[in-house]
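The chain contents come next:
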Amino acid sequence: MKKILLINGPNLQLLGVREPGIYGVKTLPEIVADLREYAVELGCELEDFQSNSEGALVDKIGGSLAAGVDGIIINPAAYTHTSVALRDALAAVALPAVEVHLSNVQEREDFRHKSYTAAKCVGVIAGFGAFSYRLALQALVNHLDSLK
Ligand code: DQA
C-alpha cells in the first residue's frame with residue numbers, strides 16, 4: 001500500500017474561518033477527513049501534518065524517506081513564496097511531490113506568483129478550493145503508478 005504524506009503549512013489550521021471568500025468554508029480537519037476517504041478508495045494510506053513553523057515542515061519532509069513515504073502532497077501556504085529551505089528539503093528527499101493551493105495564486109497579488117517549491121514537485125494544482133487536494137491525490141497516485 002502506498003504511503004502518502006500530506007503537509008500543510010502556516011495558517012491553514014484556520015481554514016473555515018480564514019478569509020472564506022478566498023479559501024472556502026471547509027475546515028482543515030474536514031478536508032483531511034475527505035482526503036482520507038479518497039485515499040482508501042485509491043488504495044493508499046494517508047498521513048497528515050500541519051505546522052506554522054518552517055523548521056518543523058523541513059524536519060517532516062526530511063524524515064519522510066525513513067518513514068517509508070512514497071509521495072508527498074504539500075500546501076506550503078505562505079512559505080511557497082519565500083522558502084528556500086522547503087525547496088531544498090523537497091530536493092533532498094527527491095520523492096514525487098504535488099504542490100497544492102486552494103486559491104488560484106496566479107490571479108492574486110504578484111508576490112504569490114513566485115513559488116520556490118514548485119520546481120521540486122511533479123506538478124502544481126491550484127484554484128479549485130478544497131477539491132484541489134483531491135485532484136492532487138489523484139495526480140500523485142497516477143504518477144506513482146506510472147513509475148512502476
Ligand atoms: C495558499 C496560497 C498562499 O499564497 C497563501 O499564503 C496561503 C494559502 C492556498 O492554498 O491558496 O496561505 O497556499
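Heads up: the structure comes first, above all this text.
A short tour of the structure in this document, coming up. Please read these numbers as outputs of a predicted model, since none were measured by experiment.

### Focus: the sheet that holds strand 1 (residues 2-8)
Spatial ordering of the open sheet is given by 2-1-3-4-5, a layout of 5 strands whose pairing is parallel. Sheet topology places strand 2 (44-50) and strand 5 (123-126) at the edges, where each strand pairs with a single neighbour. When strand polarity is set aside, the average angle formed by the axes of neighbouring strands in this sheet is 20°. With 4 bridges connecting them, strand 4 (residues 97-101) and strand 5 associate as parallel partners. In the sheet register, glutamate 99 faces strand 5, and the bridge partner there is valine 124.

### Concerning the nonpolar core
Of all hydrophobic cores here, the largest spans 25 residues; its most connected members are Ile4, Leu6, Leu15, Ile73, Leu102, Tyr133 and Leu137. Among the secondary structure elements, those contributing two or more residues to this core are strand 1, helix 2 (28-41), strand 2, strand 4 and helix 5 (131-146). The residues contacting leucine 102, other than those within four sequence positions of it, are Leu12, Leu15, Tyr23, Ile31, Asn75, Gly127, Phe128, Gly129, Ala130, Ser132 and Tyr133. In this structure, Ile7, Ile74, Val93 and Leu95 belong to the second largest nonpolar core, which totals 15 residues.

Cut-offs used in this document
- Residues numbered from 1 in each chain as written.
- Predicted model: local features only at pLDDT ≥ 70, side-chain atom pairs only at ≥ 80, totals over all residues.
- Heavy atoms only, no water.
- Pairing = 2+ DSSP bridges.
- Helix = DSSP H or I, 4+ residues; strand = E, 2+ residues; numbered from the N terminus.
- Axes fitted to C-alpha atoms, helices over the stretch in contact; angles between N-to-C directions.
- Core = buried A, V, L, I, M, F, W, Y, C linked by side-chain atoms within 4.5 Å.
- Buried < 20%, exposed > 50% of the residue type's maximum accessible area, 1.4 Å probe, protein only.
- Contact = heavy atoms within 4.5 Å.

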